[in-house]
There are 2 protein chains.
Amino acid sequence: MEKIISRYKGKGFKLTPQRLAILKFLEGNTNHPTAEDIFREIKKKYPTVSFATVYNTVEALRERGELLEITINPDRKHFDPNPNPHHHIICKVCKKIEDIFTDYSEALKLPKDITDEFEILGNHVDFYGICKNCRN
Amino acid sequence: MEKIISRYKGKGFKLTPQRLAILKFLEGNTNHPTAEDIFREIKKKYPTVSFATVYNTVEALRERGELLEITINPDRKHFDPNPNPHHHIICKVCKKIEDIFTDYSEALKLPKDITDEFEILGNHVDFYGICKNCRN
DNA sequence: CATTATAATAGAATTATTCCAAGATGAGAA
DNA sequence: TTCTCATCTTGGAATAATTCTATTATAATG
């Protein structure tokens with residue numbers, strides 16, 4: 001908790017109680033929550049919290065590189081508080097998302113016509129599968 | 001055109017004029033259109049076409065494996081009428097999407113804990129960059 | 001050409017997200 | 001410690017994307 005506070009103190013990031021609750025919820029969270037997951041959790045302690053606050057906060061974190069937006073699920077966005085480059089696998093049935101920490105960057109070479117046109121900033125691999133539970 | 005028709009004839013896929021227009025627009029299209037892009041195009045010839053028809057048709061195509069949904073742009077879905085597995089790069093500024101036909105499947109090995117839990121069905125690599133135009 | 005299952009349509013409903021104006025409050029300065 | 005102000009929070013409205021529903025139309029088949 002102290003660590004969280006010191007990470008944001010004096011960085012032009014105003015630490016309000018709601019934000020602290022969001023940061024605490026996200027810290028070490030590997031469940032890839034949606035905006036609604038965050039909203040519902042924070043609401044327990046701060047019943048008047050609004051979606052705007054949730055979206056504002058995750059956007060502020062994203063700008064600072066503290067959080068990633070995940071688009072592997074076409075139905076809704078998920079957020080990942082682990083900003084280190086990594087990849088994801090989603091279960092096509094239950095939509096559960098898990099992290100993959102293999103580094104593929106060596107392998108992901110691009111053809112010359114693409115590198116000629118684009119300055120490359122990053123990559124992300126989505127894997128699709130069916131998890132044990134959903135296979136019955 | 002004849003080729004398009006014969007591909008769907010007698011497959012339980014009703015070929016209506018609106019659907020033919022959509023199929024014709026998508027055939028060989030590498031622009032990764034959104035639902036609205038398709039809607040606007042079909043509307044030129046069929047002014048009464050509705051979004052429901054566009055969504056129904058792309059969903060029918062997706063079910064048949066004739067089209068892929070692309071989620072590389074967090075803002076909206078794009079559709080790709082090339083159903084062969086391939087990858088994409090998006091310009092972070094103008095959101096232009098281009099195809100990448102390199103096959104990375106050999107390189108994308110997964111750790112055992114993941115393959116133990118998931119039956120793997122596929123993968124997709126997103127690349128992020130800035131295109132020549134947007135670099136000024 | 002008659003039948004029928006499927007598709008198209010308009011519009012309402014839903015869902016996710018963004019925007020806005022007003023009041024509240026953390027953070028740094030005095 | 002208190003003051004000031006930039007920034008945040010809030011509720012609600014606005015927007016945007018997508019889905020749903022009931023009705024009408026029509027492509028496919030025999």
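For the structure, check the block above.
A brief structural summary. (Residues numbered from 1 in each chain as written. Chains lettered and ligands numbered in written order. Predicted model: local features only at pLDDT ≥ 70, side-chain atom pairs only at ≥ 80, totals over all residues. Heavy atoms only, no water.)

## As for the interface of chain A and chain B
Link 1 in the chain: Opposite the 39 residues of chain A that make contact, chain B presents 39 residues.
Link 2 in the chain: Carbon and sulfur atoms make up 61% of the surface buried where chain A meets chain B, a total of about 3300 Å² over both sides.
Link 3 in the chain: For the pair chain A and chain B, the interface holds two salt bridges.
Link 4 in the chain: For the salt bridge of K96 of chain A with E117 of chain B, the shortest nitrogen-to-oxygen distance reads 2.5 Å.
Link 5 in the chain: Taken together, chain A and chain B are joined by 17 residue pairs in polar contact (both at pLDDT 80 or more).
Link 6 in the chain: At the level of elements, β3 (87-91), β4 (97-100), α5 (112-117) and β5 (118-131) of chain A are the ones that each hand at least two residues to the side of chain A that touches chain B. (Contact = heavy atoms within 4.5 Å. Buried area = accessible area lost by both parts, 1.4 Å probe. Salt bridge = Lys/Arg side-chain N within 4 Å of Asp/Glu carboxyl O. Polar contact = N/O pair within 3.5 Å; in protein donor to acceptor, adjacent residues only side chain to side chain. Helix = DSSP H or I, 4+ residues; strand = E, 2+ residues; numbered from the N terminus.)

## Some thoughts on the packing of helix α3 (residues 35-45) of chain A against helix α4 (residues 51-63) of chain A
Residue and element names in this part refer to chain A.
Link 1 in the chain: Where α3 contacts α4, the two axes come as close as 10 Å, and the packing angle between them is 120°. Taken together, the axes of α3 and α4 are oblique relative to one another. The two elements α3 and α4 cross, and the hand of that crossing is right-handed. Where α3 approaches α4, its residues A35, E36, I38 and F39 are matched on the opposing element by F51, V54, Y55 and V58. (Axes fitted to C-alpha atoms, helices over the stretch in contact; angles between N-to-C directions. Parallel < 35°, antiparallel > 145°, perpendicular 65-115°, else oblique. Left-handed = near helix turned anticlockwise from the far one by under 90°.)

## Focus on the pattern of salt bridges
Pairing between side chains becomes possible if they bear opposite charge and their charged atoms approach one another.
Link 1 in the chain: Counted according to the given criterion, the structure contains 22 salt bridges over all chains.
Link 2 in the chain: The residue E41 of chain A makes a salt bridge to K44 of chain A at a minimum N-O spacing of 3.1 Å. One end of the pair is E41 of chain A and the other is K44 of chain A, both in helix α3 and three residues apart, which spans about a single turn.
Link 3 in the chain: Across the pair E36 of chain B and R40 of chain B runs a salt bridge, and its minimum N-O distance is 3.1 Å. Separated by four residues within a single helix, E36 of chain B and R40 of chain B lie in helix α3 (residues 35-45), roughly one turn from each other.
Link 4 in the chain: Judged by relative accessible area, which is 40%, E36 of chain B ranks as partly exposed.
Link 5 in the chain: Through salt bridges with shared partners, a single network forms among E36, D37 and R40 of chain A. (Buried < 20%, exposed > 50% of the residue type's maximum accessible area, 1.4 Å probe, protein only.)

## Things to note about the pairing of strand β4 (residues 97-100) of chain B
Residues and elements named next belong to chain B.
Link 1 in the chain: Bridge count for strand β3 (residues 87-91) against β4 is four bridges, and the pairing is antiparallel. Residue pairing in the sheet places H87 in a bridge with I100 of β4.
Link 2 in the chain: Turn length for the β3-β4 hairpin, with the two strands adjacent in sequence and antiparallel, is five residues, and the turn residue K95 shows positive phi of about 70°. (Pairing = 2+ DSSP bridges.)

## A word on the relation of the copies chain A and chain B
Related by rotation about an axis and a shift along that axis, the two copies of the chain form a pair.
Link 1 in the chain: With an RMSD of 0.0 Å, chain A superimposes on chain B once it is rotated by 180° and translated 0.0 Å along the axis. Interpreted geometrically, this transformation is the action of a two-fold axis. Taking the C-alpha atom as reference, chain A places V125 of chain A closest to the rotation axis, 2.2 Å from it.
Link 2 in the chain: Taken together, the interface assignments show that 100% of the residues at the interface of chain A recur at the interface of chain B, consistent with an identical surface on both copies. (Least-squares fit on C-alpha atoms with pLDDT ≥ 70 in both.)

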